[in-house]
Amino acid sequence: MHWHGKPLQNSPENTGPKRICRRRRRSESLPADGPGFGGGSPTPARQPRWKLTWGAFASDDAAAVVGTSSGEYGSRSARSAAMKKCSGMGGNNCAVTLVYQNQCAVIADPIDRDIQPRFGSDVSGPTIEEASKLALDSCYKKNGGRRCEVIYSNCTRPVLVN
């Protein structure tokens, strides 16, 4: 008798010495805390990973206030934090104007604050320098060529977490 081309142990073709296998007890084969018994080598620690962060701006033009958030772990929490800050500074009609992830954001406003109407500009970009250039250009155009300045800048950075 053959099984997959090999003689079976008790077949007439297998007349050589018999190999006797004895079943080991659990304590003889592996320690109780060994692999396969619920213990063993400790589970490898989770590898640190980079978690992206979010920021947002919320403003109330009538109250002339802007609430900002940065370093939040989600878009929703960034929006909520910015809205809360805007309301806390006296804004009654706050609205989210910018949400950004893992970037820098800038607010530019006309230098001459006495001339009305005036329009600020909020922009995000990969660096403060690039966001500033975009915000200043946008503010300049929105305000008929009046000079603008950056009044706020911040970056959200990824955070290393376990």
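Placed above this text is the structure.
Bear in mind that the values here come from a model prediction, so they are computed numbers and not experimental data.

1. Focus: the sheet that holds strand β4 (residues 54–60)
Spatial ordering of the open sheet is given by β5-β4-β6, a layout of three strands whose pairing is antiparallel. Edge positions in the sheet fall to β5 (65–72) and β6 (95–101), since each has one partner strand and no second. Neighbour-to-neighbour, the strand axes of the sheet open up by a mean angle of 15°, direction not taken into account. For β4 and β5, the ladder comprises six bridges, and the chain directions are antiparallel. Paired with W54 across the strands is E72, a residue of β5. Each of β4, β5 and β6 is contacted by helix α2 (residues 75–88), which is oriented at about 145° to β5, the strand it contacts most.

2. Digging into the layout of surface pockets
By volume, the largest pocket is sized at about 470 Å³. Those elements that place two or more of their residues in the lining of the largest pocket are β4, β5, β7 (104–110) and β8 (121–125). Of the residues assigned to the lining of the largest pocket, the class counts are six nonpolar, five polar and six charged.

3. Points about the sheet that holds β8
In space, the three strands of this open sheet follow the order β8-β7-β9, with antiparallel pairing throughout. If you trace the sheet from one side to the other, it starts and ends with β8 and β9 (148–155), each paired once. Averaged over all pairs of adjacent strands, the angle between strand axes in this sheet comes to 20°, irrespective of strand direction. For β7 and β8, the ladder comprises five bridges, and the chain directions are antiparallel. Bridge assignment links V106 to a residue of β8, and that residue is V123.

Rules used in this analysis
- Residues numbered from 1 in each chain as written.
- Predicted model: local features only at pLDDT ≥ 70, side-chain atom pairs only at ≥ 80, totals over all residues.
- Heavy atoms only, no water.
- Pairing = 2+ DSSP bridges.
- Helix = DSSP H or I, 4+ residues; strand = E, 2+ residues; numbered from the N terminus.
- Axes fitted to C-alpha atoms, helices over the stretch in contact; angles between N-to-C directions.
- Contact = heavy atoms within 4.5 Å.
- 1 Å grid on protein atoms, 1.4 Å probe; cavity = no way out; pocket = protein on both sides within 12 Å on 5 of 7 lines; lining within 4 Å.
- Points joined across faces, edges and corners; volume = space filled by probe spheres on them.
- Nonpolar A, V, L, I, M, F, W, Y, C, P; charged D, E, K, R; others polar.

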